[in-house]
Every structure is written in structure tokens, then in C-alpha cells.
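Structural features, examined
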Amino acid sequence: MSLLAGDAGPLRTELNAHFELQLEFVVALTAGRDLIARPEFGYVPIIPGLSTLPADLPLRARRLPRDEVHLLLQRACGLA
């Protein structure tokens, strides 16, 4: 209800406490040897059933710009 009223604080607190943001990459090479990486983000419960959110509630992560994805990938590889 708070989110509908414009207050995202309680949802943010719940997500930080009971969910982790998982990232999976689909990586491909084109015929011209260009690298294509498509990130897929999703919230996954740390311990299923512990959250007060309904289990069937779809939690969609926002799409990140290319620069942010690049920075996340660099950090994951220990380059940033």
C-alpha cells in the first residue's frame, strides 16, 4: 500500500533484507567477431518463505544502461 502512495521505502527495506539481485549473462559472438552480452536481472529470495511479500508477486528489476552493466561486469571480474 505504501508503494501505491508513492513511498518505496518499505518495499526497498523488504527487498534488501530478504532478496538478492541475481544477474545472468547470455554471451554470444557475431560472424564479425563482435561480442554481445545480454544481462538478465531477477530478484531471488535468500530464504524462500521468509519474506512478507506474496510468493507469486512478480519482482522485476529495472533495466540498467549499458554503462552500468559494463561497470558491474568489471567489478565482478575485479577490474574496477
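In this report, the structure presented in the accompanying data block is examined. (Residues numbered from 1 in each chain as written. Predicted model: local features only at pLDDT ≥ 70, side-chain atom pairs only at ≥ 80, totals over all residues. Heavy atoms only, no water.)

This next bit is on the overall build of the protein chain. Across its full length, the protein chain carries 2 helices and 2 strands. Along the protein chain, helices and strands appear, N-terminal first, in the series α-β-β-α. For the protein chain, the C-alpha radius of gyration of 16 Å lies well beyond 12 Å, the compact-globule estimate for 80 residues. The principal-axis extent of the C-alpha atoms belonging to the protein chain is close to 50 × 25 × 25 Å. Going through the 80 residues of the protein chain one by one, you find that 8% of them count as buried. Once local pairs closer than 6 in sequence are excluded, the contacts in the protein chain between residues at least 24 apart make up 41%. Charge separation in the protein chain, taken as the distance between the mean sites of 8 positive and 9 negative side-chain charges, equals 8 Å. (Helix = DSSP H or I, 4+ residues; strand = E, 2+ residues; numbered from the N terminus. Rg over C-alpha atoms; globule rule 2.2 N^0.38 Å. Buried < 20%, exposed > 50% of the residue type's maximum accessible area, 1.4 Å probe, protein only. Contact = heavy atoms within 4.5 Å. Lys, Arg positive; Asp, Glu negative; His and termini not counted. Charge placed at Lys NZ, Arg CZ, Asp CG, Glu CD.)

Right, let's talk about the environment of threonine 52 for a bit. Position of threonine 52 relative to the elements: it lies in the loop between β2 (35-45) and α2 (66-76). Along the backbone, threonine 52 and glycine 6 are 46 residues apart, and their C-alpha atoms lie at a distance of 19 Å.

Bringing the environment of threonine 13 into the picture now. Assignment of secondary structure puts threonine 13 in helix α1 (residues 9-18). Classification of threonine 13 as exposed rests on a relative accessible area of 54%. Between the C-alpha atom of threonine 13 and that of valine 44, which follows or precedes it by 31 residues, the distance is 15 Å.

Moving on, we come to a nonpolar patch on the surface. A cluster of nonpolar residues, Val27, Leu29 and Leu35, forms a patch on the protein surface that exposes about 350 Å² of accessible area. Summarising the element assignment, leucine 29 is placed in strand β1 (residues 19-29). (Patch = residues over 30% accessible without salt bridge, like charges linked within 9 Å, V, L, I, M, F, W, Y side chains within 5 Å. Areas by Shrake-Rupley, 256 points an atom, 1.4 Å probe, with all protein chains shown as cover. Salt bridge = Lys/Arg side-chain N within 4 Å of Asp/Glu carboxyl O.)

Of the strand pairs in this sheet, β1 and β2 are connected by 11 bridges, and their pairing is antiparallel. For leucine 23, the partnering residue across the bridge sits in β2 and is phenylalanine 41. Between β1 and β2, which pair antiparallel one after the other, the connecting turn spans 5 residues, and arginine 33 there sits at a positive phi close to 65°. (Pairing = 2+ DSSP bridges.)

Structural measurements only, silent on function.
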